[in-house]
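Breakdown of the fold
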Amino acid sequence: MEVDPSAAAEEKPAVRFSINVLELMKEAQMQHGLRQSDYTRYRRYCSARLRRLYKSLKFLHGRGKYTRRNITESTVTDVRYLHIVFYMAERAWSYAMEKKTAGTNAQQRIYMLGRFRKAVKWASLFSQLCSVKGDSRTSLEAEAYASYMKGALFFEQDKNIEVAMINFKNTRAVYEELGKYGSIENQLLCRQRIEEVEPMIDFCSHKLGGSSLQAHELLDTANDLLKAKMEAVLSETRSQQAASMTEFNWLGRRFPITNAKTRVSILKAQQLEKDLNGSATESVAADKKLGIFDKIFSAYHDARSCIRNDLASAGNAENIRDDLNGLDKAVSAVLGLRTIERNQLLVSIAKSKFTKHQDEKNERITKPEELVRLYDLLIQNTTDLTDLVSSGRNKNEEENSFIHEYELKGLAFRAERCFFLAKSYSSAGKRAEAYALFCHARTLTDSALQQLANSPDKALIQDLKSLCDNCRSNSCIEHATGIMEEESVPLKLSKGVSAMSLGDDKTKENKYLLDMLESYESAIGEPNTKGPCRIAQFPPPFQAVPCNPIVLDMAYNAIEFPSLENRMKKEKKGLLSRFWG
């Protein structure tokens, strides 16, 4: 049987080269002059390195007469071809930086910008070749390298500053993500690169007078291709790290993980939790945090589905089923814990809007009923979580302390719910019910504070103390308001009786503000009522309008009109018509 050699070549998988671009660049720069900011020495090193690469690859440009040989996708059969393009970009960049540090005049500045353009050209070619011939991480690092070069060119040209800032932020976004994985050396290199880019971003932002691109919106500035590359690299890195992840720890218990998909999902969720709880998240908007929570939920749900698929295929192996059931319980408990944290974030957002007044932008104000609903969800979440953790027979000390902690949190949530329920009754004008609920909320708060006396959660204790003070002040306000309303009832009754008349059967008409401008009387109505303001009547009432007089022509029948026969035209008749006529 004959084999087509072209078909065999097509079936052969393409070779993907791997280059740690950042490590290669930093090692070359630090060892050959840039530790002392000697750009001339680094440029000479790049030239010598290029000569050695050309010679080793036998990629020469002719003898005597120089004939350039271009590097294309078909040319790259060795990783050293990618090194050639990389060092061409580095040489052009170092030459531009050499001219910049030497103090340029107008002519040298033109030459410097030309070298920056050449560096952008080679960096773009390097990124293009790495996207085809390199692996996902190499392609992503090459993309960040090209973005940095483009940003440097626009930065030096002092025009298109916003485009320069976007390119610098793309670079920072890539190294922010790559710095979360890998070795300690890789994380330090990524951190150093971010520190190099930060001053340029700050300068661009200052130049623009405060950019609309916020510091935490890193991935939003990147294009779709860069996002896809970053996601591919992160997935590949998670898969590599998941290979070393063999168990899941929860409340002092260890559960083995045998499924690779389960490991990847749990690792993704844990990395998102680190992003959510990091120090840089204080400036992150609440909408972004809610988006991170959604990704965490999706990852844990994927892990649970993989675990339950393994349970379905485990058969009668008791040891395997026990481990999988324990792992499913632990993942479900973590999912419930993150649900509570997300609902607490929603409560904090709603509370911030609850205390605000409505401005000219017509921002929606939170009603107390909405906070009552959120606290209902939190109470249900804590109940489900404590029931899930306490469902085991042999509970350890960590599980018992966890159950006790969230039982106290549930009590605090009930106190908060009672407080906002009282607020709801107060807004409806029901003073007695609101006063009773405020007193009950204060009782629940005092009970929770007594049980949390030795708790290390100082933030929860402080919140409960402020809630206790609010309950006390609001109960006093409701009590005083109720007494004032009761005292005003006889006065209103006497006014109503004095205004009654036995002879007047007409219904009382509402007076409007435009009808009583000379007298001081409220047109807004009583407080805590839903009646509309009486400013002017609309539509306006009907008014009687006199109609036109009816004129009857009485003389028409008594007039005798003259005859008009003598003015009429007479017809001439012939002989036959006379005869027959």
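Residues numbered from 1 in each chain as written. Predicted model: local features only at pLDDT ≥ 70, side-chain atom pairs only at ≥ 80, totals over all residues. Heavy atoms only, no water.

Per an unreviewed UniProt entry, the protein chain carries the name Signal recognition particle subunit SRP68 and comes from Urochloa decumbens. For the record of the protein chain, the UniProt heading Sequence similarities (unreviewed entry) holds the text "Belongs to the SRP68 family." (UniProt positions renumbered as here; feature names shortened; annotations may be inferred.)

Core analysis: the largest hydrophobic core is formed by 65 residues, its most contacted members being Phe248, Trp250, Leu385, Phe402 and Leu464. At the level of elements, β1 (247-250), α10 (260-277), α11 (286-312), α12 (318-354), α13 (368-389), α14 (397-427), α15 (431-451) and α16 (458-498) are the ones that each hand at least two residues to this core. Not counting chain neighbours up to four residues away, the residues in contact with Phe248 comprise Arg253, Arg254, Phe255, Ile257, Ile266, Gln270, Leu327, Ala330, Val331 and Val334. The next biggest cluster of nonpolar side chains, apart from the first, holds 55 residues, and it includes Tyr39, Leu113, Ala142 and Leu178. (Core = buried A, V, L, I, M, F, W, Y, C linked by side-chain atoms within 4.5 Å. Buried < 20%, exposed > 50% of the residue type's maximum accessible area, 1.4 Å probe, protein only. Helix = DSSP H or I, 4+ residues; strand = E, 2+ residues; numbered from the N terminus. Contact = heavy atoms within 4.5 Å.)

A surface patch of nonpolar side chains, amounting to about 380 Å² of accessible area, comprises Leu513, Leu514, Leu517 and Ile535. Mapped onto the elements of the fold, Leu517 is located in the loop between α16 and α17 (575-580). Overall, Leu517 belongs to the exposed group, its relative accessible area being 63%. (Patch = residues over 30% accessible without salt bridge, like charges linked within 9 Å, V, L, I, M, F, W, Y side chains within 5 Å. Areas by Shrake-Rupley, 256 points an atom, 1.4 Å probe, with all protein chains shown as cover. Salt bridge = Lys/Arg side-chain N within 4 Å of Asp/Glu carboxyl O.)

What follows concerns the side chain of Asp310. In this fold, Asp310 is placed in helix α11. No salt bridge forms around the buried Asp310; measuring N to O, its nearest opposite-charge neighbour Lys261 is 9.0 Å away. A polar atom in the side chain of Asp310 sits 3.1 Å from the side chain of Asn259. If we skip the residues at most four places from it in the chain, Asp310 touches Asn259, Thr262 and Leu324. (Lys, Arg positive; Asp, Glu negative; His and termini not counted. Polar contact = N/O pair within 3.5 Å; in protein donor to acceptor, adjacent residues only side chain to side chain.)

Another aspect to go through is the pairing of β1. Alternating positions in β1 separate cleanly, Phe248 and Trp250 being buried on one face and Glu247 and Asn249 remaining unburied on the opposite face. One ladder, built from four bridges, connects β1 with strand β2 (residues 253-256); its direction is antiparallel. Among the inter-strand pairings, Phe248 is bridged to a residue of β2, identified as Phe255. Where β1 hands over to β2, the hairpin turn is made up of two residues, of which Leu251 adopts a positive phi near 55°. (Pairing = 2+ DSSP bridges.)

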